[in-house]
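Architecture at a glance
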Amino acid sequence: MTDSVLTEIDHVAIAVRDLEAAVAYYRDTYGVDVDHREVVESDGVEEALLKVADSYVQLLTPVRDDSPVAKYIEKRGEGIHHVAYRVKSCADALARVKAAGHKVIDEEPRPGSRGTTVAFVHPKTAFGTLIELVEE
Ligand code: CO
C-alpha cells in the first residue's frame, strides 16, 4: 500500500446506447447532475460526467459506427466499459505496467477529456477489466 500508484478512482465508465436517457435516469433516480459533457472525436464517443463525491460516473455513447464503444455495445451490450484510476504520473504508471510484462493499449500517454493525460491498459492481462490511467 505504501507505494500505491493509484491515488483515487477517477471514473467508472458505462457504455450506453442513449446518452440522454441515461443522463435522465441518473438525474431523476439519484439526483445526480451532469458536471461535464464532451465529444471526444479521437475515440468516437460523447461522454457525460456525473460527479459522485470525488469520482465520476462516465456515461459513454458512440458517435460513429466504427467507434470502439459502438463495437463493444454491439458485442456485449450496454454496461461497465472501463475503470479509470487517478495517478500522479501517467507515464510512470504506464511504464510500470509495461515493465511488469502486461499488455497495454496505449504505448504512450495521450490526451484524454477535461484536459487530462491518459493511457489504457489491456484487459487481457488485467483480469478482464479495461483499465484507464488518468493524470489530471
Ligand atoms: Co474513461
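The structure contained in this document is the topic of the report that follows. (Residues numbered from 1 in each chain as written. Predicted model: local features only at pLDDT ≥ 70, side-chain atom pairs only at ≥ 80, totals over all residues. Heavy atoms only, no water.)

1. A short note on helix 2 (residues 68-76)
Inclusion rule: For the exposure calls, accessible area comes from a 1.4 Å probe over protein chains only, and a residue counts as buried if that area is under 20% of its type's maximum, exposed if over 50%, partly exposed in between. Segments assigned H or I by DSSP are reported as helices when at least four residues long, segments assigned E as strands when at least two residues long, and all are numbered from the N terminus. The arc refers to the directions leading from the helix axis to the C-beta atoms. Any two residues whose heavy atoms approach within 4.5 Å at even a single point are treated as in contact.
Where helix 2 is concerned, the buried positions are V69, A70, Y72 and I73. Mapping the buried residues of helix 2 onto a view down its axis gives an arc of 160°, with all of them on the same face. More than 90 degrees from the buried face of helix 2, the exposed residues found are P68, E74 and K75. Residues of helix 2 that are buried sit in contact with strand 1 (6-15), strand 3 (45-52), strand 4 (55-62) and strand 5 (79-87). Just past helix 2, the residue G77 takes up positive phi, approximately 85°.

2. A look at the pattern of salt bridges
Quick reminder of the rule: Any carboxyl oxygen of Asp or Glu that lies within 4 Å of a side-chain nitrogen of Lys or Arg is treated as forming a salt bridge with it.
Within this structure, the stated rule accounts for 15 salt bridges. For the salt bridge of E136 with R114, the shortest nitrogen-to-oxygen distance reads 4.0 Å. One end of the pair, E136, is in the segment after strand 8 (131-135); the other, R114, is in the loop between strand 6 (110-111) and strand 7 (117-121), and 22 residues separate them in sequence. Shared partners join several salt bridges into a network, and the residues in it are E8, D10, R86, R114 and E136.

3. Looking at the coordination of the cobalt ion
Filter applied, for reference: In this analysis a donor is any N, O or S atom within 2.8 Å of a metal ion (3.2 Å for sodium, potassium and calcium), and since water is not included, sites may seem incomplete. Square planar and octahedral sites, with four and six donors, are those where opposite donors lie more than 155 degrees apart and all other angles lie between 65 and 115, tetrahedral sites have four donors with every angle between 85 and 135 degrees, and the rest are irregular.
Taken together, the protein ligands of the cobalt ion are H11 (NE2), Q58 (OE1), H82 (NE2) and E132 (OE), with distances of 2.0 to 2.8 Å. Here the cobalt ion is ringed by four donor atoms whose angles at the metal span 80 to 168°, and the overall shape comes out irregular. Summarised as a motif, the one-chain spacing of the donors to the cobalt ion is H-x46-Q-x23-H-x49-E. Here H82 lies in strand 5 and H11 lies in strand 1, a separation of 71 residues in the sequence. Both residues of the pair, H11 and H82, count as buried.

Everything listed here is a matter of geometry and, on its own, says nothing about what the molecule does.
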